[in-house]
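Below are the chains, spelled out letter by letter.
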Amino acid sequence: MIAKIGRGTNIYGALQYNNIKVAEKKGEILHLNNMKETPDGIYTTGQLLSSFLPYLFANKNTEKTALHISLNPDPNDNLSDEDYMKIADEYMNKMGYGQQPYVVFKHNDIERSHIHIVSTAVDHGGIKISDTFEKKRSMEICRDIEKKYNLILITEKQGHTDNLQFAPVDYHKKNVKNQIASVVRYLPKFYHFQTLGSYNALLSLFNITAEEVKREYNGEIKEGLVYFALDQTGNKVSNPYKSSLFGKQAGLSALRSQFEKSKQNSSIAKSSTRELLVQAMKITSDQQEFVSYLVEHGINTVIRKNEQGRIFGITFIDHNSRNVFNGSQLGKQFSANVFQEWFSNSNMKPIDKPTELLGTTSENPRTAMSELINLHPLFDFMSSLSNSSDFGLFDSLLLATYADDPEEQEFVNNMKKKKHRKKR
C-alpha cells in the first residue's frame, strides 16, 4: 500500500474535489470521524467544511492547515468498505490524527479503488500536530497494515521496479548515457503520446530532450533521433546520443508507431483529463494555483512561451492514465490561446463554465466560495496541495518545479543563439 500525503492552504478545495466525485457517482463517503453528521448521510461541501471551521479559526500560525492523504493498495488487493474504514482509522491514529475531524472518501473512477482522507493539521487548540519523520512513520505504518490485512507487500513489487530508474537525469554524474537509457528504453511502455512535441514534454520532466535529425547518405535522406541531457534551466549539457544506443523502442520509427497507437486509444483518457482541468479552472484563480492543483491531482503542466512571454503551447501529462495531451487535443477550450488570455488577466477569476461539453456538477463552487469568503477572511481558496510524498514509481515527477519550464527555457535560449548568429 502506498500513502501520499499532501498539505496545503485550501481545505475547501480538497473537500470540493472529493465531494464532486461523490456527486458524479465516481466515489462515496465511507466514514466520518469527529464530524457533524446529517440524517440522510448526504453532504454538501459546506456541511463537511463546517466541522473543520473551529480548528481553522483557532489556528495560531500554521500556513498549510489542510491535510489530504490518499491510501492506495495494490490493484490486486480485495478490500471491503469495512476494511477501508478500519485501515483509515488505524493509519490516522498511528500518524497522530486519530482525534481530528476527518472524512474518508472512496474513489471508483479508475481501475483500482483507493481512499482519500481529508483532515486538518491543527488541533482543536490551533496548534500544529507534529509531522516529524512523517514519511518514515507513514511507510512503517503502511508495512504494518499490509501484514495485518494480508495485502500485497510493497517489497514484493520492489524487485520489478528496481531496474526502472525513472528519475531526472543528473548531468553532474558520470553515467549520463546510462541515466538517459534507463528512461527512454522503458518510457514508451508506460506512457501514451501522439507527437514528438508531447514526447519531449514528458522527457522534460527527466531533464532529457530528443531532436529529429536528417542527413543525406548515398543520395538518400536518412531520418533519425538524438537525445541530450538538460540542466535544471533546460540547457543542453551533454553530447548528442544516437537513439540506436538505447534500442529500437527509442528510435523515430518505433515512436511514430507509438504516436498512431496513442491516437487510437485516447478517447476515454481524454475524458478523465478534461474533467480534472475543468475542476482546476473552476476553483483556481491564477497560473500557480492552477498548476499546483493539477500537480496535487496527478497532472504535470508544461507551458511553452515565445521570447515575448506569450504562451504558444501547453501540454498536460496525466499520470493517472499515463497519457500526454496538448491542450488543443483536448478541445478548443483548453488551447494555448485560452490559457494565455486567462493567465495574463490581472483580475483573473475562476472560470464558471470552461466547457459546455462536460455538463455541470450539483454544487456551484463559485457560490459556495463566495459565501465562505464572507464568513471568514482567512480562506483565499488557493489550491496548493502539491507537496505529495514521493512514494511510488512516478510520484517524484509531480514534485518537479513548474516555474522554470525546460522546454520554454530551451526555446528562449535557441532564439538568443539565432540572434547572436545574425549579428556576426
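Everything below is about the structure shown above.
Residues numbered from 1 in each chain as written. Predicted model: local features only at pLDDT ≥ 70, side-chain atom pairs only at ≥ 80, totals over all residues. Heavy atoms only, no water.

## Let's talk about the sheet that holds strand β7 (residues 220-229)
Ordered in space as β6-β7-β8, the three strands form an open sheet in which the pairing is antiparallel. Of all the strands in the sheet, just β6 (208-217) and β8 (241-242) have a single pairing partner and so form its edges. Pairing geometry for β6 and β7, over 10 bridges, is antiparallel. Note that in β7 the partner of Ala210 across the bridge is Tyr227. The strands touched by helix α9 (residues 196-204) within the sheet are β6 and β7, with β6 carrying the most contacts at an inclination of about 135°. Sheet strands touched by helix α10 (residues 252-264): β6 and β7. Its angle to β7, the strand with the most contacts, is close to 85°. (Pairing = 2+ DSSP bridges. Helix = DSSP H or I, 4+ residues; strand = E, 2+ residues; numbered from the N terminus. Contact = heavy atoms within 4.5 Å. Axes fitted to C-alpha atoms, helices over the stretch in contact; angles between N-to-C directions.)

## Details of the pairing of strand β5 (residues 114-120)
With seven of seven residues buried, β5 lies mostly within the body of the structure. Where burial is concerned, the two faces of β5 agree: the one with His114, His116, Val118 and Thr120 and the one with Ile115, Ile117 and Ser119 are both buried. The pairing of strand β3 (residues 66-72) with β5 spans six bridges and is classified as antiparallel. For Leu71, the partnering residue across the bridge sits in β5 and is Ile115. Where strand β4 (residues 102-107) and β5 come together, six bridges link them in antiparallel fashion. Opposite His107, over in β5, you have His114 as the bridge partner. (Buried < 20%, exposed > 50% of the residue type's maximum accessible area, 1.4 Å probe, protein only.)

## Focus: the nonpolar core
Counting 30 residues, the largest nonpolar core has Ile180, Val184, Tyr199, Leu202, Leu203, Ile208 and Tyr227 as its most contacted members. If you list the elements that add at least two residues to this core, you get α7 (176-184), α9, β6, β7 and α10. (Core = buried A, V, L, I, M, F, W, Y, C linked by side-chain atoms within 4.5 Å.)

## A few points about the sheet that holds strand β9 (residues 299-305)
Read from one edge of the open sheet, three strands run β9-β10-β11, paired in antiparallel fashion. Of all strands in the sheet, those bounded by a partner on one side alone are β9 and β11 (323-326). With direction set aside, neighbouring strand axes in the sheet form an average angle of 15°. Sheet topology places β9 next to strand β10 (residues 311-318); seven bridges connect them, and they run antiparallel.

## Digging into helix α11 (residues 267-283)
For α11, which comprises 17 residues, the first-to-last C-alpha distance of 25 Å matches the rise-based estimate of 24 Å (1.5 Å per residue) to within 8%. Of all 17 residues in α11, 12 are buried, a share of seventy percent or more. Those residues of α11 not exposed but buried are Ala269, Lys270, Thr273, Arg274, Leu276, Leu277, Val278, Gln279, Ala280, Met281, Lys282 and Ile283. (Expected span 1.5 Å × (residues − 1).)

## What to know about the packing of aromatic side chains
Evaluation of the coordinates by the stated rule reveals 13 aromatic pairs. Relative to Phe246, the ring of Tyr227 has its centre 5.7 Å away and its plane inclined at 80°; by these criteria the two rings are edge-to-face. Here the residue Tyr227 occupies a position in strand β7, and Phe246 occupies one in the loop between β8 and α10, the gap between them amounting to 19 residues. Assessed through its relative accessible area of 1%, Phe246 is described here as buried. A connected cluster of aromatic rings, assembled from ring pairs, spans Phe193, Tyr199, Tyr227, Tyr241, Phe246 and Phe259. (Phe/Tyr/Trp six-rings, centres within 6.5 Å; stacked < 30°, edge-to-face > 60°.)

## Overview of the packing of helix α4 (residues 81-95) against helix α5 (residues 134-148)
Where α4 meets α5, the axes come as close as 10 Å, and the angle between the chain directions of the two elements is 145°. Seen from above, α4 lies across α5 with right-handed handedness. Residues Ile87, Glu90, Tyr91, Lys94 and Met95 of α4 pack against Glu134, Arg137, Ser138, Ile141, Cys142, Asp144, Ile145 and Lys148 of α5. Taken together, the residues of the contact of α4 with α5 sort by class into six nonpolar, one polar and six charged. (Left-handed = near helix turned anticlockwise from the far one by under 90°. Nonpolar A, V, L, I, M, F, W, Y, C, P; charged D, E, K, R; others polar.)

## Points about the pattern of salt bridges
Tallying each qualifying case throughout the model produces 17 salt bridges. Across the salt bridge formed by Asp81 and Lys106, the nearest N and O atoms sit 2.8 Å from each other. With a gap of 25 residues between them, Asp81 in helix α4 and Lys106 in strand β4 connect regions that are remote in the sequence. Taking the relative accessible area as the measure of exposure, Lys106 reaches 11% and is therefore buried. Notably, a salt bridge pairs Asp131 with Lys128, separated by 3.4 Å at the nearest N-O pair. The class of Asp131 is partly exposed, set by a relative accessible area of 27%. (Salt bridge = Lys/Arg side-chain N within 4 Å of Asp/Glu carboxyl O.)

## Re α9
Extensive coverage of α9 is indicated by the burial of eight of its nine residues. When α9 is considered as a whole, its buried residues turn out to be Leu196, Ser198, Tyr199, Asn200, Ala201, Leu202, Leu203 and Ser204.

## Focus: unusual backbone geometry
Even without a glycine there, the phi angle at Lys25 is positive, about 65°. Relative to the assigned elements, Lys25 resides in the loop between α1 (11-23) and β2 (27-33). Phi angles above zero are rare outside glycine, and Asn34 is one such case at about 55°. If you trace the backbone, Asn34 turns up in the loop between β2 and α2 (45-50). Overall, Asn34 belongs to the partly exposed group, its relative accessible area being 46%.

## Focus: the side chain of Thr38
Considering the arrangement of structural elements, one finds Thr38 in the loop between β2 and α2. You can call Thr38 buried: its relative accessible area is 18%. Here Asp40 takes part through its side chain, which lies 3.2 Å from a polar atom of the side chain of Thr38. From its side chain, Thr38 meets the backbone oxygen of Ile42 in a polar contact 3.1 Å long. (Polar contact = N/O pair within 3.5 Å; in protein donor to acceptor, adjacent residues only side chain to side chain.)

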